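# Summary of structural features
Given next are the chains, with one letter for each unit.
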Amino acid sequence: MTEHGKTPVTVLGLGAMGTALVEALLAAGHPVTAWNRTASRAEVVAAKGASVASTIDEALAANEIVIACLLDYDSVHEVLDPAAAGLRGRLFVNLTNGTPGQAREMSAWADGLGAEYLDGGIMAVPPMIGSPAAFIFYSGSGTVFGRARTALDTFGGTNYLGADPGLAPLHDIALLSGMYGHFIGVIQAFALVGSAGVKAKDFAPLLRGWMDAMSGFTERAAEQLDDGDYVTDVVSNLAMQAAAFPNLAKAAEEQGVSAELLTPLQPLMDRRVAAGHGDEDLIGVIELLKK
Ligand code: NDP
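Below is a summary of the structure that appears in this document. Computed from a predicted model, the values in this text were never measured in an experiment.

### As for the overall build of the protein chain
Scanning the protein chain for helices and strands turns up 12 helices and eight strands. Across the 291 residues in the protein chain, those meeting the buried criterion constitute 40%. Expressed as a percentage of contacts within the protein chain between residues at least 6 apart in sequence, the contacts between residues at least 24 apart total 63%. Averaging the locations of the 18 positively and 33 negatively charged side chains of the protein chain gives two centres separated by 4 Å.

If you want it as structure tokens, here you go:
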């Protein structure tokens, strides 16, 4: 701690996200030692008061808390493998996007080097960092989470999910899956109306309103899943939906638009209906995703 009680932190990686993290730490008064493979990218944070380490060894030696925010887990290993001894005794927070398996592997690797590991999944874009709109999932060492908490709180909201380091990336990827599903629908809808010359800006309020109206699917599906009951009070049964769904692809075809973003759902619906579950809600297809 400094005399002002602000924990000093090392940040590895000064891309768009790493730079935003450093800026949030500096704004809150945390002394920061920053390192980046391409040294020139450190000029922005140096001008704002960060110390710049010229080597990775120097960066690791500077502080007990080490935060990595690099492109992917391969780049984390590429950076840290040659300097691995410097991780001994460090509280290592990895905010690089990855999978649950990668996080568990990284945790075991850090553990073997005498470091404690916390994984994080950032649910924000760089301009949101430091505002209440940003939040980050964490999982892994509760000790690291507790000791680094003041620094981590400068990034936005925190949500610690438990000791399994894979939980943060699992929740991160689940939210991203929901997001891309939403984006798929939006892209397809704009492509369809665009094929008839409808201006996207004119259609956007209709699409937004419809998506908002349909957003209750999430809570309804959650209730059905937790109750294990996909048939009570169903108002749009799967057999009906499976019969109407081909029209999405047919309409696209007529308009000269590809339906490839949407078509994977059709065989799942058809298989579930064929197996005798036509009276269920759509969420029942989740059973076919379990491998
Ligand atoms: P950028 O592309 O802006 O920066 C990538 C960073 O990784 C740079 O510091 C780059 O160094 C470094 N890097 C890449 N490859 C290597 C390597 N082989 N060895 C050493 N360093 C390497 O990405 P962001 O900062 O935006 O993203 C960082 C992480 O944050 C990613 O995992 C991303 O998924 C995640 N994230 C990003 C969000 C965003 O909206 N930007 C949102 C949520 C999460 P150099 O400057 O030398 O190239």
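### Things to note about the layout of surface pockets
Volume-wise, the largest pocket comes out at about 2,200 Å³. Lining the largest pocket are 49 residues, with Gly181, Met214, Phe217, Leu265 and Leu282 positioned closest to its centre. Elements with a minimum of two residues in the lining of the largest pocket: α7 (167-194), α8 (200-214), α9 (217-227), α10 (238-244) and α12 (265-277). For the lining of the largest pocket, the element with the most residues is α7, which contributes 12 residues. Of the pockets and cavities examined, the second largest pocket occupies roughly 620 Å³. Along the walls of the second largest pocket sit 27 residues, with Gly15, Cys69, Leu70, Leu71 and Ser75 positioned nearest its centre. Among the residues forming the lining of the second largest pocket, the class breakdown is 13 nonpolar, 10 polar and four charged.

### Focus: the pattern of salt bridges
Tallied over the entire structure, the rule returns eight salt bridges. Of the charged contacts, one joins Arg220 and Glu223 as a salt bridge, the two residues approaching to 3.7 Å between their closest N and O atoms. Here Glu223 and Arg220 lie together in helix α9, a separation of three residues that amounts to about one turn. Here Arg220 falls in the partly exposed class, since its relative accessible area comes to 29%. With relative accessibility at 47%, the residue Glu223 sits in the partly exposed group.

### Notes on the packing of aromatic side chains
Here the structure, examined in full by the defined rule, presents six aromatic pairs. Centre to centre, the rings of Phe135 and Phe137 are 5.1 Å apart; their planes meet at 85°, and the pair counts as edge-to-face. Judged by its relative accessible area of 30%, Phe135 is partly exposed. With relative accessibility at 5%, the residue Phe137 sits in the buried group. A ring pair is formed by Tyr180 and Phe183, whose centres lie 5.8 Å apart and whose planes are at 85°; its orientation type is edge-to-face. Here Tyr180 pairs with Phe183, and both are found in helix α7, just three residues apart, close to one helical turn. Take Phe183: its relative accessible area is 37%, and that puts it in the partly exposed class. Put simply, the rings of Tyr138, Phe145 and Tyr160 touch in pairs and so form one group of aromatic residues.

### Topic: the site of the ligand
Taken together, 22 residues lie near the ligand, and Met17, Asn36, Arg37, Thr38 and Arg41 sit nearest. A distance of 3.3 Å separates an oxygen atom of the ligand from a polar backbone atom of Gly15. Within the side chain of Thr38, an N or O atom sits 2.5 Å from an oxygen atom of the ligand. Protein coverage of the free-state accessible area of the ligand, which is 900 Å², stands at 77%. For the ligand, the cavity whose grid points lie within 2 Å of the majority of its atoms is the second largest pocket. At the level of secondary structure, the elements contributing two or more residues to the shell around the ligand comprise α1 (16-27) and α4 (73-80). Among the residues forming the shell around the ligand, the class breakdown is 11 nonpolar, eight polar and three charged.

### Brief notes about the pairing of strand β5 (residues 91-94)
Neither face of β5 is open: one carries Leu91 and Val93, the other Phe92 and Asn94, and all of them are buried. Direction of pairing for strand β4 (residues 65-68) relative to β5: parallel, over a ladder of four bridges. Looking at the pairing, Ala68 lines up with Asn94 of β5. At this point the chain moves from β4, through α4, to the parallel β5, and the crossover so formed is right-handed. Summarising the sheet, β5 and strand β6 (residues 116-123) pair through four bridges and their orientation is parallel. Considered in β6, the bridge of Val93 is made with Leu118. As for the winding sense of the linkage, the β-α-β connection from β5 through helix α5 (residues 100-112) to β6 is right-handed.

### Brief notes about the sheet that holds strand β3 (residues 51-52)
Taken in spatial order, the eight strands of this open sheet run β3-β2-β1-β4-β5-β6-β7-β8, and their pairing is mixed. The open sheet terminates on both sides in strands that have one partner only, identified here as β3 and β8 (157-160). Lying over the sheet, α1 contacts β1 (9-12), β2 (32-35), β4 and β6, oriented at roughly 165° with respect to β1. Lying over the sheet, α4 contacts β1, β2, β5 and β6, oriented at roughly 145° with respect to β5.

Quick notes on the rules
Residues numbered from 1 in each chain as written. Predicted model: local features only at pLDDT ≥ 70, side-chain atom pairs only at ≥ 80, totals over all residues. Heavy atoms only, no water. Helix = DSSP H or I, 4+ residues; strand = E, 2+ residues; numbered from the N terminus. Buried < 20%, exposed > 50% of the residue type's maximum accessible area, 1.4 Å probe, protein only. Contact = heavy atoms within 4.5 Å. Lys, Arg positive; Asp, Glu negative; His and termini not counted. Charge placed at Lys NZ, Arg CZ, Asp CG, Glu CD. 1 Å grid on protein atoms, 1.4 Å probe; cavity = no way out; pocket = protein on both sides within 12 Å on 5 of 7 lines; lining within 4 Å. Points joined across faces, edges and corners; volume = space filled by probe spheres on them. Nonpolar A, V, L, I, M, F, W, Y, C, P; charged D, E, K, R; others polar. Salt bridge = Lys/Arg side-chain N within 4 Å of Asp/Glu carboxyl O. Phe/Tyr/Trp six-rings, centres within 6.5 Å; stacked < 30°, edge-to-face > 60°. Near = heavy atom within 4 Å. Polar contact = N/O pair within 3.5 Å; in protein donor to acceptor, adjacent residues only side chain to side chain. Areas by Shrake-Rupley, 256 points an atom, 1.4 Å probe, with all protein chains shown as cover. Sits in = over half its atoms within 2 Å of the grid points. Pairing = 2+ DSSP bridges. Right-handed = clockwise from strand over helix to strand, strands pointing away. Axes fitted to C-alpha atoms, helices over the stretch in contact; angles between N-to-C directions.

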